[in-house]
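Read off the chains here:
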Amino acid sequence: MSDIVNTVDARGFSCPQPVIMTLNGIKKANKGKMEILVDTDTAKENVSRAAGAQGWVVEDIQPEDEGYRITIRKEG
Amino acid sequence: MQKDPNLLVGLDVSDDAGVYRLTDEIALIQTLDFFTPIVDDPFDFGRIAAANSLSDVYAMGGRPLTAMNIVCFPIKEMDNKVLRSILEGGLETLKRADTILVGGHSVEDPELKYGLSVTGIVHPQKFLTNAGARPGDLLILTKPLGTGILATALKADMLEGDATRRITELMATLNKDAAQAMEGLKINACTDITGFGLLGHGLEMASASNVGIRIHAEKVPVIPETIEFASMGLVPAGSYTNQKFCSKQLQVDDTVDPLLIDIFSDPQTSGGLLISVPKDIAPSLVERLTEKKTPAASIIGEVSGSNPGMIQFY
């Protein structure tokens, strides 16, 4: 399967909003690869945990602009 | 800084309230606290805000007498009934605390806030601070932790009605019974657990008392759902901020689940009292707290003479 990347842009939102957006994205995608953009350390940590709790693997966290690009993946 | 021999607890220390001696028998306790809504129901919010504001007086070993409302309210956008309900909730709680509402002040503000300034009294030689903990003391906590994380879950609409009910009642519970349980016993130090969490307020006690504080992680009472929501990423920013702020004075043993550290640094609204009591007094205090049915009456750790100004979780 090719890497179809869904992106969730949670910048500008404070917790728990980025977590809710991530969980909604996960529900919709079910599996595959997803990127979440956040702009606080709290959101970075919480989004990573939210993904982990749903059985997704945090592949990469890259600093980007004033925040982070978090890449998560779940194999089908 | 102003100097006045009658100022017994002031700005120079990080304690719960100011204490000012009026006579050889009476000292005034003054405190102020207000915040944005933590629950949806306005009456409950009023109750919680009042319990939270009164708590600082109880934490000093005092008796609250009078209170004044502080209100920020978006009068153009929000129904007046909401405000009335908040104030009624506050009033109900003041009554339970035998405290009289004497006035207040409100301003128009786009963001709703409510709280109270509470005035109480205490004997000028018998008030409790966070500075008296002694090596060998045991530490007792009177409410379980987790309200910050569960309030975040509530905001995310992920908390069930029953759990919401339980944390609401927990936050609206006065620290009055816990304060009464301490009366007449030799208590070395006391503080209430609020925005800095057990970690931050424990460290304040460690620094002010120049002692080390050791907390047995497994003994700390935690609201049942907290771990689950913490592992799901519903941790408030304040928890991470508290950990960062305290990191240099914090020591965590490998055996402690890192999730528990998030809970220990979780900002509490209207949290319980953290009491430092001589070891031989601890059983009587626990017995009294249990009799009064405080939400928790747990011995969670001890005070040590080594590592002053540090907190250790083991």
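Residues numbered from 1 in each chain as written. Chains lettered and ligands numbered in written order. Predicted model: local features only at pLDDT ≥ 70, side-chain atom pairs only at ≥ 80, totals over all residues. Heavy atoms only, no water.

Attention now goes to the overall build of chain B. Broken down by element type, chain B carries 10 helices and 13 strands. Computed over C-alpha atoms, the radius of gyration of chain B comes to 19 Å, within 12% of the 20 Å expected from 2.2 N^0.38 for 314 residues, which places it in the range of a compact globule. Projected onto its principal axes, the C-alpha coordinates of chain B cover approximately 55 × 55 × 40 Å. For chain B, the residues scored as buried account for 56% of the 314 residues in total. Excluding contacts between residues fewer than 6 apart, the proportion of contacts in chain B whose partners are at least 24 apart in sequence is 86%. Entry remark: accessible area of chain B is about 13,900 Å², with carbon and sulfur atoms responsible for 53%. Within chain B, one finds 26 positive and 40 negative side-chain charges whose respective centroids are separated by 4 Å. (Helix = DSSP H or I, 4+ residues; strand = E, 2+ residues; numbered from the N terminus. Rg over C-alpha atoms; globule rule 2.2 N^0.38 Å. Buried < 20%, exposed > 50% of the residue type's maximum accessible area, 1.4 Å probe, protein only. Contact = heavy atoms within 4.5 Å. Areas by Shrake-Rupley, 256 points an atom, 1.4 Å probe, with all protein chains shown as cover. Lys, Arg positive; Asp, Glu negative; His and termini not counted. Charge placed at Lys NZ, Arg CZ, Asp CG, Glu CD.)

Attention now goes to the environment of Val38(A). Residues and elements named next belong to chain A. Take Val38: it is sitting in strand E2 (residues 32–38). The spacing of Val38 and Met21 is 17 residues in sequence and 11 Å in space, taken between C-alpha atoms. Not counting chain neighbours up to four residues away, the residues in contact with Val38 comprise Ala10, Arg11, Ala43, Lys44, Val47, Gly67, Tyr68 and Ile70.

What follows deals with the sheet that holds strand E11 (residues 273–277) of chain B. Within a sheet, neighbouring strands are paired by backbone hydrogen bonds and run either parallel or antiparallel to one another. All names here are of chain B. The seven strands lie next to each other as E8-E11-E7-E12-E9-E13-E10, forming an open sheet whose pairing is mixed. Each edge of the open sheet is held by one strand with a lone partner, namely strand E8 (189–192) and strand E10 (250–252). On average, each strand axis in the sheet is inclined to that of its neighbour by 20°, with strand direction left out of account. For strand E9 (residues 212–215) and strand E12 (residues 298–304), the ladder comprises four bridges, and the chain directions are antiparallel. Bridge pairing in E12 links Ile215 to Gly301. (Pairing = 2+ DSSP bridges. Axes fitted to C-alpha atoms, helices over the stretch in contact; angles between N-to-C directions.)

The next point concerns the pairing of strand E1 (residues 5–9) of chain A. All names here are of chain A. Where E1 lies against E2, five bridges are found, and the strand directions are parallel. Of the residues in E2, the one forming a bridge with Asp9 is Leu37. Of the crossover connections in this fold, the one passing from E1 over helix H1 (residues 17–29) to the parallel E2 is right-handed. (Right-handed = clockwise from strand over helix to strand, strands pointing away.)

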